Amino acid sequence: MIRDNRKSIDYFKNYIAYQKERIRKKKEKLSTCGDDKSKAERINLSLLNFEIDLLYAEFSLGTKKSGLIAFLNDAIDTATKMTKIDYESLLNLLALSVLLDNNKKAQILINNHRDMIYKDKLLKFLAIYLKEADIKWEGEFTIPAVYGKLETIYLSDDKESVLLEYLNGWYEEHKDTSWYGSDSSNNDIYVGYWSFESAAIAKIMKITERKLGKNVYYPKL
């Protein structure tokens, strides 16, 4: 069943077909890089963005867990070949790995981007759970303006309310991103608005989804 009603089933199916073709062409270009590492890095950056958009669209369409894992692993394979990765992409790959119980595959991603992950409170929290099945809420947020509302969640007696407050402001906190407002674009670029980190936090901290599940940005499997 479709998870995102902002667009139709046909919209997402057409977008997915289009994106798969873009990915195929990008992989063809990648195969011609030879020893040119800088060229490969540039192509992998575009490829990763395509693969993450595809993964989002598949989730929005309603693809089941087993199908999502395959697309997630493709994106992780690309990300592990890169020397640098943007924060949002890394966050979503880790959060989705938590949600899809993709712990083993995520180990390579974590090891490859360890320096970036362990400097950030949220990334570290997800990584430690994936590697050790442990909970450690420590350190500082590298982007406190966006994720700072989560600061008190670990010690709160009402974790669901803290997470719900974060979710309620989640979309507006991302108004400077390229995907903000994409559902209203004249071009077919919309793939879904999902706060995967929120669902990952809820899973790790065993927070009830009674209120969270009603939020339009909360990704329920």
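In this text, all values refer to a predicted model and were calculated from it rather than measured experimentally. (Residues numbered from 1 in each chain as written. Predicted model: local features only at pLDDT ≥ 70, side-chain atom pairs only at ≥ 80, totals over all residues. Heavy atoms only, no water.)

Asks: Would you explain the pattern of salt bridges in this entry?
Replies: Summed over the entire model, instances satisfying the criterion amount to 8 salt bridges. In this structure, the salt-bridge partner of Arg 24 is Glu 21, at a minimum N-O distance of 2.5 Å. Of the two residues, Arg 24 and Glu 21 are both situated in helix H1 (residues 9-30); the distance of 3 residues between them amounts to about one turn of the helix. Residue Glu 21 is classed as partly exposed on the basis of its relative accessible area, which comes to 31%. (Salt bridge = Lys/Arg side-chain N within 4 Å of Asp/Glu carboxyl O. Helix = DSSP H or I, 4+ residues; strand = E, 2+ residues; numbered from the N terminus. Buried < 20%, exposed > 50% of the residue type's maximum accessible area, 1.4 Å probe, protein only.)

Asks: Is there a simple way to think about the packing of helix H7 (residues 121-132) against helix H10 (residues 196-204) in this case?
Replies: Helix-helix packing is described using two parameters, namely the angle between the two axes and the distance between the axes. Between H7 and H10, the least distance of the axes is 11 Å, while the angle of their chain directions is 50 degrees. In terms of orientation, H7 and H10 fall into the oblique class. The handedness of the crossing between H7 and H10 comes out as left-handed. Counted together, Leu 122, Phe 125, Leu 126 and Tyr 129 of H7 and Glu 197, Ala 200, Ile 201, Lys 203 and Ile 204 of H10 form the full contact between these two elements. Looking at the contact of H7 with H10 residue by residue, the classes come out as 7 nonpolar, no polar and 2 charged. (Axes fitted to C-alpha atoms, helices over the stretch in contact; angles between N-to-C directions. Parallel < 35°, antiparallel > 145°, perpendicular 65-115°, else oblique. Left-handed = near helix turned anticlockwise from the far one by under 90°. Contact = heavy atoms within 4.5 Å. Nonpolar A, V, L, I, M, F, W, Y, C, P; charged D, E, K, R; others polar.)

None of the figures reported here should be taken as evidence of function without further support.
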